[in-house]
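Structure assessment
Here are the chains, one letter per residue:
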Amino acid sequence: MNGAQDLGGMMGFGAIATEPEDHRFHAEWEKRAMGLTIAMGATGSWSIDASRHARESLDPADYLSSSYYEIWIKGLERLSVAQGLVTQEEVDHGRVATAPAPIKRVLRRDDVAAVLARGSPCDRPATAAAVFKPGDQVRTRNINPMGHTRLPRYARAKKGVIDRVHGAFVFPDANAHGGGEQPQWVYTVRFSARQLWGEAAEAGHSVSIDAWESYLERA
Amino acid sequence: MDEPPPDNHDHDHAHADNHLSEMDLRVRALESLLVEKGYVDPGAIDAIVETYETKVGPRNGAAVVAKAWSDPAFRDWLLRDATAAIASLGFTGRQGEHMVAVENSADEHNLVVCTLCSCYPWSVLGLPPTWYKSPPYRSRAVIDPRGVLAEFGVTLPAATRIRVWDSTAELRYLVVPRRPEGSEGMSEEALAALVTRDSMIGVGLARQPSEATS
């Protein structure tokens with residue numbers, strides 16, 4: 001969706017606030033927000049694609065004025081309500097008023113190390129041969145879906161070159177909306193900076209995205 | 001018409017403090033709700049926080065880079081199959097399931113961003129810094145990489161091309177910075193101390209050996 005999360009190429013946000021390497025959190029609530037979001041993700045109640053879509057679905061003014069952990073918490077509240085795990089009234093009042101919903105699993109303290117070390121790979125067996133190979137000229141499609149997509153606006157309807165072929169991965173545009181994983185080949189597509197931004201861009205610069213096969217057509 | 005309040009600095013400051021405590025209350029309320037419902041073990045949250053505060057961070061990535069600088073066979077493996085090469089050092093897991101390593105050279109400098117959210121190679125760099133997740137960096141890295149580097153105090157030769165990697169899928173990128181001159185003969189451990197988090201995102205360069213001894 002063309003939401004506030006799709007920031008590439010926008011202007012006017014001001015200076016980058018750099019911070020030292022050992023600076024992990026700015027407040028205690030950020031720690032709990034991070035841990036709570038991961039622990040709830042581990043219940044298997046939604047996919048990472050659905051959680052990204054919940055965050056990008058925030059009102060643009062809200063998204064842009066929220067810190068990233070705020071965005072996570074607002075997304076987590078929405079997902080928890082949408083999945084029927086809690087009611088909006090329970091979120092608003094912070095009190096349990098309904099019976100718990102069944103969930104797939106609960107992440108226990110003793111399992112955290114193993115679960116984090118395992119991660120959640122999203123590569124899948126390919127069901128067809130890759131359409132493109134490195135060096136192929138492609139054009140990204142001009143799509144503007146209402147739902148989730150990982151093709152940023154700045155890279156739509158642009159000519160690029162296939163740089164790498166990565167295998168088949170869960171397709172987020174479908175998986176975010178309960179459409180199943182529908183794995184597709186993913187490619188690194190390289191664009192010249194001038195193709196993306198015009199003649200004022202530096203000649204040698206380039207930008208690449210990782211694109212699912214259905215984002216691309218032969219150029 | 002009403003005049004605006006004369007000096008709003010104090011007001012803004014107080015608002016910021018209130019805002020933090022609002023988030024504190026909001027997160028506490030949500031945590032206690034989800035715990036009471038039986039969906040979350042609060043001890044698991046503690047363990048997750050402890051992992052990313054004390055165990056998984058950019059020193060992992062620094063060890064990977066130092067080994068790549070020291071061991072040509074490992075460097076080749078890292079550039080060919082970063083997931084396996086990095087796993088051989090014990091760094092696996094969440095947000096590092098599918099790794100790609102890209103190497104800087106005199107001709108080309110690599111810079112990593114996630115314009116759409118905050119994708120970042122947790123297994124080797126830990127949690128992303130706030131600026132990496134914030135609009136100023138995410139908006140500008142793809143359109144003005146040289147300007148972004150300047151903000152981090154990095155000036156590259158005009159002939160050096162900049163290649164930006166926007167992490168739009170589940171591949172996670174680790175930049176292998178250039179090995180600084182004068183680091184010949186240094187141990188892997190000493191080399192790792194030259195490798196900063198920022199250099200592995202591409203917004204910095206590795207430290208000079210003279211900078212690392214202090």
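Keep in mind it's a predicted model, so treat the numbers as computed, not measured.

1. With respect to the overall build of chain B
A tally of helices and strands in chain B yields 11 helices and four strands. By the burial criterion, 52% of the 214 residues in chain B qualify as buried. Here the contacts in chain B between residues at least 6 apart in sequence split such that 70% fall between residues at least 24 apart.

2. Observations concerning the overall build of chain A
Of regular secondary structure, chain A possesses eight helices and six strands. Along chain A, helices (α) and strands (β) appear in the sequence α-α-α-α-α-α-β-β-β-α-β-α-β-β when read from the amino end. When its C-alpha atoms are laid out on the principal axes, chain A stretches across 55 × 45 × 35 Å. By the burial criterion, 40% of the 219 residues in chain A qualify as buried.

3. Brief notes about the pairing of strand 4 (residues 172–176) of chain B
Residue and element names in this part refer to chain B. In terms of burial, strand 4 is largely enclosed, as five of its five residues are buried. Covered by surrounding structure in strand 4 are Arg172, Leu174 and Val176 together with Tyr173 and Val175, the residues of both alternating faces. Two strands pair when backbone bridges link them, and strand 1 (residues 99–103) and strand 4 are joined in this way by five bridges, in the parallel orientation. What sits directly across from valine 102, in strand 4, is valine 175.

4. Notes on the packing of helix 1 (residues 28–41) of chain A against helix 2 (residues 42–55) of chain B
Two elements in contact, helix 1 of chain A and helix 2 of chain B, have axes separated by 8 Å at closest approach and are oriented at 115°. When the interaxial angle is binned, helix 1 of chain A and helix 2 of chain B end up roughly perpendicular. Regarding helix 1 of chain A and helix 2 of chain B, the two cross each other, and that crossing is right-handed. Residues Lys31, Arg32, Met34, Gly35, Leu36, Ile38 and Ala39 of chain A of helix 1 of chain A touch helix 2 of chain B, and the partners they reach there are Ala44, Ile45, Ile48 and Val49 of chain B.

5. Examining the interface of chain A and chain B
The extent of an interface is frequently quoted as the accessible surface area lost upon association of the parts. Taken together, the 72 residues of chain A in the interface contact 67 residues of chain B. Sorting the residues of the side of chain A that touches chain B by element identifies helix 1, helix 2 (48–56), helix 4 (68–82), helix 5 (88–93), helix 6 (112–118), strand 3 (159–169) and strand 5 (206–212) of chain A as the ones contributing at least two each. Top element by residues in the side of chain A that touches chain B is helix 1 of chain A. It accounts for 10 residues. By residue class, the composition of the side of chain A that touches chain B is 39 nonpolar, 15 polar and 18 charged.

6. Some words on the domain arrangement of chain B
The domains assigned to chain B are domain 1 (9–53) and domain 2 (57–212). Here domain 1 of chain B and domain 2 of chain B have C-alpha centroids that lie 31 Å from each other.

7. A few points about helix 1 of chain A
Residues and elements named next belong to chain A. For helix 1, built from 14 residues, the straight-helix expectation of 20 Å at 1.5 Å per residue is met to within 8% by its first-to-last C-alpha distance of 20 Å. Within helix 1, 12 of the 14 residues are buried, leaving the element largely enclosed by the surrounding structure. Restricting attention to buried positions, one finds in helix 1 the residues Trp29, Glu30, Lys31, Arg32, Ala33, Met34, Gly35, Leu36, Thr37, Ile38, Ala39 and Met40.

8. Things to note about the domain arrangement of chain A
Residues and elements named next belong to chain A. According to the domain assignment, chain A consists of domain 1 (28–118) and domain 2 (123–218). The interface of domain 1 with domain 2 comprises five residues on the first partner and five residues on the second. Across the side of domain 1 that touches domain 2, the residue classes break down as one nonpolar, two polar and two charged.

9. Topic: the confidence of the model for chain B
Residues and elements named next belong to chain B. Across chain B, the average pLDDT comes to 92, with 90% of residues at or above 70. Overall, residues 1–15 carries pLDDT values under 50, and its contacts beyond four positions in sequence, including any with other chains, amount to one contact. For this predicted complex, the interface confidence reaches an ipTM of 0.97, while the overall pTM sits at 0.94.

10. Considerations on unusual backbone geometry
If you check the backbone angles, alanine 157 of chain A has positive phi at about 55° while not being a glycine. By secondary structure assignment, the location of alanine 157 of chain A is in the loop between strand 2 (137–140) and strand 3. A positive phi angle is found at glutamine 95 of chain B, which is not glycine, with a value near 60°. Residue position: glutamine 95 of chain B is located in the loop between helix 5 (82–87) and strand 1. Judged by local crowding, glutamine 95 of chain B falls into the buried class, with 24 C-beta atoms found within 10 Å.

11. Looking at the environment of alanine 193 of chain B
In this structure, alanine 193 of chain B sits in the loop between helix 9 (188–192) and helix 10 (197–201). On a C-alpha basis, the gap between alanine 193 of chain B and alanine 63 of chain B in space is 8.8 Å, while along the polypeptide they are 130 residues apart.

12. Considerations on the nonpolar core
Counting 119 residues, the largest nonpolar core has Leu36, Ala39 and Ala211 of chain A together with Ile48, Val64, Val65 and Leu174 of chain B as the members making the most contacts within it. Once residues within four sequence positions are removed from consideration, isoleucine 48 of chain B is found in contact with Gly35, Ile38, Ala39 and Val112 of chain A.

13. Observations concerning the packing of helix 2 of chain A against helix 4 of chain A
In a packed pair of helices, the relevant descriptors are the angle between the two axes and the axis-to-axis distance. All names here are of chain A. At a closest axis distance of 8 Å, the pairing of helix 2 and helix 4 adopts a crossing angle of 110°. The orientation of helix 2 with respect to helix 4, classified from their angle, is roughly perpendicular. In this structure, helix 2 meets helix 4 at a crossing whose hand is right-handed. Taken together, the residues of helix 4 that come into contact with helix 2 (itself represented by Ala50, Ser51, Ala54 and Arg55) are Ile71, Trp72, Gly75, Arg78 and Leu79. Each residue belonging to the contact of helix 2 with helix 4 can be placed in one class, and the counts come to five nonpolar, two polar and two charged.

14. Some details on the environment of aspartate 59 of chain A
Its location among the elements puts aspartate 59 of chain A in the loop between helix 2 and helix 3 (60–64). Spatially, the C-alpha atoms of aspartate 59 of chain A and alanine 4 of chain A are 7.8 Å apart, while their sequence positions differ by 55 residues.

Rules used in this analysis
- Residues numbered from 1 in each chain as written.
- Chains lettered and ligands numbered in written order.
- Predicted model: local features only at pLDDT ≥ 70, side-chain atom pairs only at ≥ 80, totals over all residues.
- Helix = DSSP H or I, 4+ residues; strand = E, 2+ residues; numbered from the N terminus.
- Buried ≥ 20, exposed ≤ 12 C-beta atoms within 10 Å, placed from the backbone.
- Contact = placed C-beta atoms within 7 Å.
- Pairing = 2+ DSSP bridges.
- Axes fitted to C-alpha atoms, helices over the stretch in contact; angles between N-to-C directions.
- Parallel < 35°, antiparallel > 145°, perpendicular 65-115°, else oblique.
- Left-handed = near helix turned anticlockwise from the far one by under 90°.
- Nonpolar A, V, L, I, M, F, W, Y, C, P; charged D, E, K, R; others polar.
- Domains from an automatic or database assignment.
- Expected span 1.5 Å × (residues − 1).
- pLDDT = per-residue confidence, 0-100.
- Core = buried A, V, L, I, M, F, W, Y, C linked by C-beta atoms within 7 Å.

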